[in-house]
Amino acid sequence: MSLGFKHVSLSSALTPMVRAVPRGFTACVDAYLTPVIKEYLKGFISKFDEGLGKLNVLFMQSDGGLAPESRFSGHKAVLSGPAGGVVGYSQTLFGVETEKPLIGFDMGGTSTDVSRYAGSYEHVIETQISGAIIQAPQLEINTVAAGGGSKLKFQFGAFRVGPESVGAHPGPVCYRKGGELAVTDANLILGYVIPDYFPSIFGPSEDQPLDIGATRDEFEKLAGQINSYRKEQDPTAKDMTIEEIAQGFINVANETMCRPIRQLTEMKGHETKNHALACFGGAGPQHACAIARSLGMKEVLIHRFCGILSAYGMGMADVVEDEQEPYSAVYGPESVLEVSNREATLLNRVKEKLQLQGFKEDSITTETYLNLRYEGTDTAIMVKSPMNQDGSKGDYAIEFVRLFQQEYGFELQNRNILICDVRVRGIGVTNILKPRALDPVLGTPKIDGRYRVYFGNGWHDTPLFKLEDMACGHAICGPAVIMNGNSTVIIEPNCKAVVTKYGNIKIEIESIHKVVEASKEVADVVQLSIFNHRFMGIAEQMGRTLQRTSISTNIKERLDFSCALFGPDSGLVANAPHVPVHLGAMSSTVRWQLDYWGDNLNEGDVLVTNHPCAGGSHLPDITVVTPFFDNGKLVFFVASRGHHAEIGGITPGSMPPFSKSIWEEGAAIKAFKLVEKGIFQEEGISKLLLFPSSDDAAHNIPGTRRLQDNLSDLRAQIAANQRGISLIKELIEQYGLATVQSYMNHVQVNAAGAVREMLKSVAGKISSLSAKNEGDSVIIEEEDFMDDGSVIHLKLTIDRKKGEAFFDFSGTSPEVYGNWNAPEAVTAAAVIYCLRSLVDVDIPLNQGCLAPVKIYIPPGSFLSPSDKAAVVGGNVLTSQRITDVVLTAFQACACSQGCMNNLTFGDNTFGYYETIGGGSGAGPTWHGASGVQCHMTNTRMTDPEIFEQRYPVLLHRFGLRKYSGGGGIHRGGDGIVREIEFRRPVVVSILSERRVHAPRGLKGGIDGARGANFLITKDGRKVNLGGKNTVEVQGGEILQILTPGGGGWGSLSAANEG
């Protein structure tokens, strides 16, 4: 403050919890927001005659509680608006209008917020908002970029809604400000928005009504484009009307908003259909019936103040004071006694703060929480003090185990439970607002008008009612419209709305079995988008199940896994965007298993494999494949791939820098039935993992050192696959098997079309200076070198007329006597990643991306090695170099760090593995990002404080390696400096690249800096370890890793001369 700062955000004061990264993010968010908020509040307070004087003004926080101006800060205010809505619907609807748990659905102009309430607020201590991790108590609210202002587009044969928004200015077309088509325009076309009941505030002078004429004109233009495309696909196709098109966009928007609702409920083991939908926000009630029906819900509740429920909820919130302090101890009698002492201190603090705000003792309640986790995991749960039936305090440990079992599906036997934090939440009950009951009435409500409204199967003459003219007991059968002051409630056909005793609207939904007529040749442009969402949602939920039920750090916390679903021919249908190096590669795995097992696949079988020659990447990546049968016929596959931290081999961690043969890297499984006809084959898989086979009987290769972790994670992968099967079963029940299988094919055809258009566009942009033109083809050749001199050579031929590409890797060096050989699946994954990155449209990643592409890899090269070759480095090193070569050939961007900088260390008691980020390459319009995981990996790193707490290390330095990015018109990203001191002797292995050949710049940009690995001994010597090494490190010695920077783009001198 003495230096002139008006506000200082101190991370340890804001969020006294272990983990430096989220704490630092939180401090940054607070430092940015709090001064702005304080300045606003200063102006707000100054408008009162004597400032606030004795007036007590309270402000909403993200945790659903109120705070006085003096203690209102930015990091606790980020979700204050949505939190008000959660308080509003939970306090006025749950237990009052329904006993069902509620899903909050708050749809506004640019986004939709989703939450859940089942009798108590669901808090999270950490969340990520717009890329920033915020560590503070807040209600669990998920946001999706879909609202009334979401843009409507028709691209590559499919309807797209969002995530871009037209904003308030210029807004939708109907706002008369030259905007673009948005969800609001579609609702206007369908009659869901009625101009007669909207204020005349539009146009340049802000005095005109909504412009339905301009909206219809824009939809007519779009209809011409859509119908032209459909005629190209099917000359017999009937033209879509603008109403059908508008309805299609609404259906796609609804499915976009259903995804986060399914995720919020089902990832925690709750059935979505067992909830009621609490719908509010300006646009929400227009979509309520359709959303509920899609989710299988039978009941919708709309508050009488739904348009302003977030504000109304603030009046129902209580004042909250939170105190928390870190406490690290093993849970037990002694630590529980210490917790009681700390709890007493924190209780006094929160009560004192509330009493200073005028709350009497009898208006104050408190809640005590312990933040607990199992030893060896990062998964902490904030456990509220349990109460026994006799009113005495219960056991936190028993409650923690119960919650962990409920959340993750298993418990960890013989593990200590650790205390991380003690937290006390004090609540001052306000009773500012209370719901007011209405007197019941007889008779029918007055109809205020009749309007034409479009409901899927055509126009309906629809009565319109005003909620202010309705009373308790009034019932309306759909179709109908209810004007509720500042929002429009749409009651669809086969739905019934009733006004409750508190003046709210309860809608009963009659489920209708949806049957979609599907052509096996031509996709419906609306259903194509909906199925894209559904397929991707299934893959994402499989991933959440795997993360939730796995035990290892690699899968649960580093998120080193991928999940996908496949058609009966093994073609990839949808791959959730997990780890890029897995993308598309699992299709080869599934195809190999299908060919291998043939007719010997039965219902109840689950397959496991990790061998590179069977479509694998490297041995630690174990793939579990589950076929699904319908009436004895194989109809689809689901698969999950996870990185197991230990599967045997010559070094702990199964990432040996000097492996020369596949058997040195651990257990190699080509094909095995992990589950056979419903029975888990524990003995068989244990034998394969514990006793890896070798070509040389004289070599006794160690098996896995963590068998129980392997078995637990394999069971989690089986559970994830089963979750995918259950969700596809629901899809089949809803649409029919023929339709689902047709759209499994259609989404691939759609992706192929998008890639074809991208290839045509790129062919026209590639510079003639670096490419040859032969007829309709553009040919460009690129190559790069591994640090041992092995070359990756690519001849890329693009047919600009057909939109096809041929990736010819002829000229690539032979198999190497090392471990950076890459199985063919890795090259395919790199190509599909590059193609998907170059397509500037939100298409799902599937087999269609490779349909316009041919890949030739010369057999015997180090991109197509023998089944005896060591490959552990190919997945983590060579994949990055292939990506650089492909993107350089497309002239998309300069080379990135071209490495994952794999570090493992450990001894007989533990093992640790991480990949370290670096600089990404610059592009034609952007600087490269610094200090990030590039391209083929996006896994998390362990937080510095957790790293030091859990392992015998001190992290001396972890920051950007300044000026390591290549210069140019756009600079390459900087690499990272990481210095680790070891506190006891361990074996350290480093597996890295770009220590000899630097990441190249493009278009005259300067190369990024090469990486380097050093060991600083206790006597001060600095020893270069090279790119790949294993070394026994003594306590007090320091490992220094300098990761490469990214290449620059464009010549500064040429730009200056120009």
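Residues numbered from 1 in each chain as written. Predicted model: local features only at pLDDT ≥ 70, side-chain atom pairs only at ≥ 80, totals over all residues. Heavy atoms only, no water.

**Focus: the overall build of the protein chain**
Alright, step 1. For the protein chain, the count of helices and strands is 20 helices and 44 strands.
Alright, step 2. Against the globule reference of 31 Å for 1058 residues, the protein chain gives a C-alpha radius of gyration of 30 Å, in line with a compact fold.
Alright, step 3. The buried share of the protein chain, reckoned over its 1058 residues, is 59%.
Alright, step 4. The contacts in the protein chain between residues at least 6 apart in sequence include a share of 68% that link residues at least 24 apart.
Alright, step 5. The positive charge centre, built from 99 side chains, and the negative charge centre, built from 117, are 1 Å apart in the protein chain. (Helix = DSSP H or I, 4+ residues; strand = E, 2+ residues; numbered from the N terminus. Rg over C-alpha atoms; globule rule 2.2 N^0.38 Å. Buried < 20%, exposed > 50% of the residue type's maximum accessible area, 1.4 Å probe, protein only. Contact = heavy atoms within 4.5 Å. Lys, Arg positive; Asp, Glu negative; His and termini not counted. Charge placed at Lys NZ, Arg CZ, Asp CG, Glu CD.)

**Considerations on the pattern of salt bridges**
A pair can form between side chains of opposite charge whenever their charged atoms are brought close.
Alright, step 1. Following the criterion strictly, the structure yields 44 salt bridges and no others.
Alright, step 2. The shortest N-O distance in the salt bridge between Glu 255 and Arg 262 comes to 2.8 Å. The two residues Glu 255 and Arg 262 agree in class, both being buried.
Alright, step 3. Residue Arg 423 pairs with Asp 322 through a salt bridge whose shortest N-O separation is 2.9 Å. Residue Arg 423 is found in strand β16 (residues 417-428), and its partner Asp 322 is found in strand β13 (residues 319-330); the two are separated by 101 residues along the sequence. Each member of the pair Arg 423 and Asp 322 is classed as buried. (Salt bridge = Lys/Arg side-chain N within 4 Å of Asp/Glu carboxyl O.)

**Notes on the side chain of Thr 626**
Alright, step 1. Relative to the helices and strands, Thr 626 is located in strand β27 (residues 621-630).
Alright, step 2. Within polar-contact distance, the side chain of Thr 626 engages the side chain of Asn 721 at 2.9 Å.
Alright, step 3. Contacts of Thr 626, omitting those with residues within four sequence positions, involve Asp 605, Val 606, Phe 636, Phe 637, Val 638, Asn 721 and Ile 725. (Polar contact = N/O pair within 3.5 Å; in protein donor to acceptor, adjacent residues only side chain to side chain.)

**Focus on helix α17 (residues 824-838)**
Alright, step 1. With 15 residues, α17 ought to run about 21 Å at 1.5 Å a step, and its terminal C-alpha atoms sit 22 Å apart, in line with that.
Alright, step 2. Extensive coverage of α17 is indicated by the burial of twelve of its 15 residues.
Alright, step 3. Residues of α17 that are buried sit in contact with α13 (585-597), α16 (737-765), β34 (804-808), β35 (853-856) and α18 (872-889). (Expected span 1.5 Å × (residues − 1).)

**With respect to the pairing of strand β5 (residues 112-117)**
Alright, step 1. Among the six residues of β5, six are classified as buried, and the element is accordingly described as predominantly covered.
Alright, step 2. Here β5 shows no split at all, with Thr 112, Val 114 and Arg 116 on one side and Asp 113, Ser 115 and Tyr 117 on the other all buried.
Alright, step 3. Of the strand pairs in this sheet, strand β4 (residues 102-107) and β5 are connected by six bridges, and their pairing is antiparallel. Note on β5: the bridge partner recorded for Asp 106 is Asp 113.
Alright, step 4. Turn length for the β4-β5 hairpin, with the two strands adjacent in sequence and antiparallel, is four residues.
Alright, step 5. As paired elements, β5 and strand β8 (residues 142-144) share three bridges and run antiparallel to each other. Looking across to β8, one finds that Val 114 is bridged to Asn 142. (Pairing = 2+ DSSP bridges.)

**Re the side chain of His 533**
Alright, step 1. Residue placement: His 533 occurs in helix α11 (residues 525-549).
Alright, step 2. A relative accessible area of 16% means that His 533 is categorised as buried.
Alright, step 3. With near-sequence residues (within four places) excluded, His 533 lies in contact with Val 252, Glu 255, Thr 256 and Arg 259.

**A look at the sheet that holds strand β40 (residues 986-991)**
Alright, step 1. Pairing is antiparallel in the open sheet, where four strands are placed in the order β37-β36-β40-β43. Strands with a single pairing partner mark the edges of an open sheet, and in this sheet they are β37 (911-915) and β43 (1028-1033). Direction aside, neighbouring strands of the sheet carry axes that sit 15 degrees apart on average.
Alright, step 2. The pairing of strand β36 (residues 902-906) with β37 spans five bridges and is classified as antiparallel. In the strand pairing of β37, Phe 905 is matched with Tyr 912.
Alright, step 3. Strands β36, β37, β40 and β43 of the sheet are contacted by α18, whose axis makes an angle of about 50 degrees with β40. (Axes fitted to C-alpha atoms, helices over the stretch in contact; angles between N-to-C directions.)

**A short note on the environment of Gly 1035**
Alright, step 1. For Gly 1035, the location among the structural elements is in the loop between β43 and β44 (1038-1042).
Alright, step 2. Taking the C-alpha atoms as reference points, Gly 1035 and Val 526, separated by 509 residues in sequence, lie 63 Å from one another.
Alright, step 3. If sequence neighbours within four positions are ignored, Gly 1035 has contacts with Phe 982, Arg 983, Arg 984, Pro 985 and Lys 1018.

**Overview of the packing of helix α5 (residues 212-233) against helix α6 (residues 242-266)**
Alright, step 1. One way to put it is that α5 packs onto α6 with a least axis distance of 9 Å and a crossing angle of 90 degrees. Between α5 and α6, the angle falls in the class roughly perpendicular. Mapping the contact onto sequence places Arg 216, Phe 219, Glu 220, Leu 222, Ala 223 and Ile 226 in α5 and Ile 242, Glu 243, Ile 245, Ala 246 and Phe 249 in α6. (Parallel < 35°, antiparallel > 145°, perpendicular 65-115°, else oblique.)

**Considering the nonpolar core**
Alright, step 1. Phe 159, Phe 219, Ile 507, Phe 535 and Leu 565 are the most contacted members of the largest nonpolar core, which totals 125 residues.
Alright, step 2. By residue number, the principal contributor to this core is α6, which donates eleven residues.
Alright, step 3. Non-local contacts of Phe 159, meaning those with residues more than four positions away in its chain, are made with Lys 153, Phe 154, Ile 226, Met 240, Ile 245, Gly 248, Phe 249, Val 252, Val 525, Val 526 and Ser 529.
Alright, step 4. Within the second largest apolar cluster, 59 residues are counted, among which are Val 853, Phe 862, Val 872 and Tyr 913. (Core = buried A, V, L, I, M, F, W, Y, C linked by side-chain atoms within 4.5 Å.)

**Regarding the packing of aromatic side chains**
Alright, step 1. Scanning the entire structure with this criterion turns up 30 aromatic pairs.
Alright, step 2. Ring centres of Phe 94 and Tyr 117 lie 5.3 Å apart, and the angle between their planes is 80 degrees; this geometry places the pair in the edge-to-face category. Residue Phe 94 is found in the loop between α3 (80-92) and β4, and its partner Tyr 117 is found in strand β5; the two are separated by 23 residues along the sequence.
Alright, step 3. Exposure remark for Tyr 117: the relative accessible area of 7% places this residue in the buried category. (Phe/Tyr/Trp six-rings, centres within 6.5 Å; stacked < 30°, edge-to-face > 60°.)

**Side note on the environment of Ala 77**
Alright, step 1. Its location among the elements puts Ala 77 in the loop between β3 (66-68) and α3.
Alright, step 2. For Ala 77, a relative accessible area of 12% gives the class buried.
Alright, step 3. Considering only alpha carbons, one finds Ala 77 and Gln 138, 61 residues apart in sequence, at a separation of 9.2 Å.
Alright, step 4. Those residues in contact with Ala 77 that lie beyond four places of it in its chain are Ile 37, Ser 62 and Phe 72.

**Some remarks on the packing of α11 against helix α15 (residues 707-735)**
Alright, step 1. The N-to-C vectors of α11 and α15 enclose an angle of 155 degrees; their axes lie 8 Å apart at closest approach. Comparing their axes, α15 and α11 come out roughly antiparallel. At the point where α11 passes α15, the crossing takes the right-handed sense. Residues Gln 527, Ile 530, Phe 531, Arg 534, Phe 535, Ile 538, Gln 541, Met 542, Thr 545, Leu 546 and Thr 549 of α11 form the contact with α15, whose participating residues are Ala 716, Gln 717, Ala 719, Ala 720, Asn 721, Arg 723, Gly 724, Leu 727, Ile 728, Leu 731, Gln 734 and Tyr 735. (Left-handed = near helix turned anticlockwise from the far one by under 90°.)

**A look at the sheet that holds strand β21 (residues 488-491)**
Backbone-to-backbone hydrogen bonds join strands into a sheet, with any given pair of strands oriented parallel or antiparallel.
Alright, step 1. Strand order in this open sheet of four strands is β17-β18-β20-β21, and the pairing throughout is mixed. The open sheet has two edge strands with one neighbour each: β17 (449-454) and β21. Between one strand axis and the next, the sheet turns through 30 degrees on average, direction left out of account.
Alright, step 2. One ladder, built from six bridges, connects β17 with strand β18 (residues 459-466); its direction is antiparallel. What sits directly across from Gly 449, in β18, is Leu 464.

**Overview of α13**
Alright, step 1. Helix length check: α13 (13 residues) gives 19 Å between terminal C-alpha atoms against 18 Å at 1.5 Å per residue, within 8%.
Alright, step 2. Remark: Gly 598 follows α13 within two positions and exhibits a positive phi of approximately 55 degrees.

**Some points on the environment of Glu 676**
Alright, step 1. When you line up the elements, Glu 676 lands in strand β29 (residues 672-676).
Alright, step 2. Assessed through its relative accessible area of 35%, Glu 676 is described here as partly exposed.
Alright, step 3. In the structure, Glu 676 is positioned 20 residues away from Pro 656 in sequence and 33 Å away in space, judged by C-alpha atoms.

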